[in-house]
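# Architecture at a glance
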Amino acid sequence: EQCFAYRYLSVSQVNDILNIVTPFEGCILLPPVTTSDYFNQIFSEKGPIHIYSIFPLFKDEMDFIRDNGFLSFKELLQNTQAKEILNIRRQTLVPR
């Protein structure tokens, strides 16, 4: 038997949580990009359930997405083998 838990948070609530304990300044909601497509959705009798990740971002990462587009940031995610989990110790993905 599987159990799914969820809670809806506003963008400002997520940002407040991230700013309290981390240097992150924002986040992006995205489908999993570093895992197999198999993990993108679960099928139920009521239809597919789409799985998304909330990926926290540093200011320079937000600037990178604005200046270069999400596809360039997606390449950084894949090339650096970053995981779409909250890791408060991770470094920025933007090359210096």
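Notes on the structure in this doc start here.

Scoring rules and cut-offs
- Residues numbered from 1 in each chain as written.
- Predicted model: local features only at pLDDT ≥ 70, side-chain atom pairs only at ≥ 80, totals over all residues.
- Heavy atoms only, no water.
- Helix = DSSP H or I, 4+ residues; strand = E, 2+ residues; numbered from the N terminus.
- Buried < 20%, exposed > 50% of the residue type's maximum accessible area, 1.4 Å probe, protein only.
- Polar contact = N/O pair within 3.5 Å; in protein donor to acceptor, adjacent residues only side chain to side chain.
- Contact = heavy atoms within 4.5 Å.
- Salt bridge = Lys/Arg side-chain N within 4 Å of Asp/Glu carboxyl O.

Turning our attention to the side chain of Thr92. Within the secondary structure, Thr92 sits in the segment after helix H3 (70-79). Among the residues examined, Thr92 registers a relative accessible area of 17% and is labelled buried. In terms of polar contacts, Thr92 uses its side chain to reach the side chain of Asp60, at 2.9 Å. At a separation of 3.3 Å, a polar atom in the side chain of Thr92 contacts the main-chain amide nitrogen of Val94. When residues no more than four places from it in sequence are discounted, the contact partners of Thr92 are Phe58, Asp60 and Glu61.

Counted according to the given criterion, the structure contains 5 salt bridges. Glu61 serves as the salt-bridge partner of Arg90, at 2.8 Å between the closest nitrogen and oxygen. Residue Arg90 is located in the segment after H3, and its partner Glu61 is located in helix H2 (residues 59-68); the two are separated by 29 residues in the primary sequence. Glu61 sits in the buried class, given a relative accessible area of 0%. Between Asp63 and Arg66 there is a salt bridge, and its shortest N-O distance comes to 3.3 Å. Of this pair, Asp63 and Arg66 both sit in helix H2, 3 residues apart, which is roughly one turn of the helix. On the basis of relative accessible area, Arg66 is assigned to the exposed category, the value being 59%. One continuous salt-bridge network, built from bridges that share partners, spans Lys59, Asp63, Arg66 and Asp67.

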